[in-house]
Amino acid sequence: MTALGRPDGPSVRPPGPPCLRASGSRIGRSADRRADVQSVARGRTTGPSAGRQRECAMSGTTVGFVGLGAMGRGMAGSLLRAGHTVRVWNRSPEPVAEMVALGAEAAEGLADVFAADAVVSMLANDDAVERLLLDPVLLADAAATLHINMASVSVGLAERAEALHTEHGIGYLAAPVLGRPPVAAAGELNILAAGAPEALAAAEPLLAAMGRRVWHFGERPAQANTAKISTNFLLACAIESMAEACSLAEANGVRPADLIEMLSGTLFPGPVYSGYGAMVAERRYEPAGFKLPLGLKDVDLALSAGASARVPLPFGSVLRDAFLDALAHGDGEKDWAAVAAVARRRAGLPA
């Protein structure tokens, strides 16, 4: 793993267009950064920064991108297609090479990522974000004025991240997404965003490149993460309820596929019941679009958020045990719809 620090003195690779970058000395840099971001966000076109804004509009922003999993690769590709310079970093080198072949730059390390105008990150969980990105030294040396965290993380992590970025004069935006890897690759994600209005405005061109719609949930980044946690909790509940309903139907001689076809064509139209319902009915859990351990992580995030706010989630405990059961039976590499196999085992049906 590349060290987080970088040598003293100028960066080897100069940063790109300064539309999101503060100027001036390191003394008072935090205030300068906030003023620069706010100026761009409000669309000012006069004064010393006007030329920089026009340069950015013409040549695109330099974006540092961290996390090239199945989702991250598609999102970075969307930024490239939109004309931005994308500087990528990943813990394993193969995805970096894949993105470089598409026109991205390979970052020398995380410090090189944060030398860009803005940073977009798509990491797996709280631990990865905390360990890699919430480094005071990394943030203190950063030239970036905006970090868009698009991972599904806990409310507590979002609050800590916001505080640390604010301390170092960097705008912090939470923007978790709805959609699977093919949707990310097509730039058609639904993006759940929250943060300061100036950060949202500055991030708009980047979010527009990656998503079909941006849903705003407030001025505190944690609000977007709460919305995403609530959404994934509801999805997990839907998968479990479909699994139980299909098991009940099959045990009484009704084909699960027939039940799902009727439900998705009448009471429950839409991608959740038609998509996951078909997977449950057909016991088709591979290839995984969203692996089962990630589903357990999201259920745990919901239970944790509920406990912090003293909101009981009784069905959440049932879901957590079902996911643990599926993992104990070796389904960790399968899609999280494989939790349906647990309901089948409870019903005495072949899993």
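Notes on the structure follow.

The rules behind the values
- Residue positions within a chain follow its written sequence, with the count starting from 1.
- Whole-chain, interface and lining totals are the exception, using all residues; otherwise, since this is a predicted model, local features are given only for residues with pLDDT of at least 70 and side-chain atom pairs are given and counted only at 80 or more.
- Excluding hydrogens and water, the side-chain figures rest on all heavy atoms present in the structure.
- The secondary structure listing takes helices from DSSP runs of H or I that are at least 4 residues long and strands from runs of E that are at least 2 residues long, numbered from the N terminus.
- Only protein chains enter the area calculation, which uses a 1.4 Å probe; residues under 20% of their type maximum are buried, those over 50% are exposed, and those in between are partly exposed.
- Contacts were defined at the residue level, with two residues in contact if any of their heavy atoms lie within 4.5 Å.
- In this description, accessible areas are obtained by the Shrake-Rupley approach with a 1.4 Å probe, and a residue is regarded as covered only by the protein chains that are shown.
- A carboxyl oxygen of Asp or Glu within 4 Å of a side-chain nitrogen of Lys or Arg is what we treat as a salt bridge.
- When DSSP locates at least two bridges between a pair of strands, those strands are taken to pair.
- A clockwise path from the first strand over the helix to the second, with the strands pointing away from the viewer, defines a right-handed crossover.
- Each axis is a line fitted through C-alpha atoms, taken for helices only over the stretch in contact, and angles between the N-to-C directions span 0 to 180 degrees.
- Computed over the protein atoms alone on a 1 Å grid, cavities are sets of points where a 1.4 Å probe fits but cannot get out and pockets are open sets with protein on both sides within 12 Å along at least five of seven lines; a residue lines them when it has an atom within 4 Å of a point.
- Grid points are joined across faces, edges and corners, and a volume is the space filled by probe spheres set on the points.
- Think of it as three bins: nonpolar holds Ala, Val, Leu, Ile, Met, Phe, Trp, Tyr, Cys and Pro, charged holds Asp, Glu, Lys and Arg, and polar takes everything else, Gly as well.

1. Notes on the overall build of the chain
Along the chain, the regular secondary structure elements total 16 helices and 9 strands. Counting every position in the chain, which comprises 351 residues, the buried fraction comes to 50%. Of the contacts made within the chain by residues no fewer than 6 positions apart, 68% connect residues no fewer than 24 positions apart. By element, 58% of the accessible surface of the chain is carried by carbon and sulfur atoms, the whole surface being about 15600 Å².

2. What to know about the pattern of salt bridges
Applying the stated criterion to the full structure yields 17 salt bridges. Note that R160 and E130 form a salt bridge whose closest N and O atoms lie 2.8 Å from each other. Highlighted residues: R160 in helix α8 (residues 155-167) and E130 in helix α6 (residues 126-133), separated in sequence by 30 residues. A relative accessible area of 41% means that R160 is categorised as partly exposed. Look at E130 and you get partly exposed, because its relative accessible area is 34%. Between R212 and E188 there is a salt bridge; the shortest N-O distance is 3.7 Å. Placement of R212 in strand β9 (residues 211-216) and of E188 in the loop between α9 (181-185) and β8 (189-193) is noted, with a sequence separation of 24 residues between them. The class for E188 is partly exposed, based on a relative accessible area of 36%. It is possible to trace a salt-bridge network through shared partners that takes in R87, E105 and D112.

3. Some remarks on the pairing of strand β1 (residues 62-66)
Of all the 5 residues making up β1, 5 are buried; the element is thus mostly covered by neighbouring parts of the structure. On β1, burial covers both faces: T62, G64 and V66 on one face and V63 and F65 on the other are all buried. Both β1 and strand β2 (residues 85-89) contribute to a ladder of 5 bridges, which runs parallel. Counted as the bridge partner of V63 is V86 from β2. Since β1 and β2 lie parallel, the crossover through helix α3 (residues 70-81) that links them has a hand, and here it is right-handed. In the sheet, β1 pairs with strand β4 (residues 118-121) via 4 bridges, with the strands oriented parallel. Of the residues in β4, the one forming a bridge with V63 is A118.

4. Description of the sheet that holds strand β5 (residues 146-149)
Taken together, 6 strands build an open sheet; the order of strands is β3-β2-β1-β4-β5-β6 and the sheet is parallel. What marks the edges here is a single partner per strand, and that holds for β3 (105-106) and β6 (171-174).

5. What to know about the sheet that holds strand β7 (residues 177-178)
In space, the 3 strands of this open sheet follow the order β7-β8-β9, with mixed pairing throughout. Of all the strands in the sheet, the pair left with one neighbour each is β7 and β9. Bridge count for β8 against β9 is 5 bridges, and the pairing is parallel. By the bridge assignment for β9, N190 is matched with R213. Contacts from helix α10 (residues 197-210) reach β8 and β9 within the one sheet, and its direction differs from that of β9 by about 145°.

6. Considering the layout of surface pockets
A water-sized probe, rolled over the atoms, reveals where empty space remains. Its volume calculated, the largest pocket comes out at about 1200 Å³. Residue lining of the largest pocket: 40 residues in total, with M71, G179, P181, G289 and F290 positioned closest to the centre. Where the lining of the largest pocket is concerned, the elements lending two or more residues are α3, β7, α9, α11 (221-251), α13 (271-282) and α14 (292-308). Sort the elements by how many residues they give to the lining of the largest pocket and α13 lands first, with 5 residues. Here the lining of the largest pocket is built from residues that sort into 23 nonpolar, 10 polar and 7 charged.

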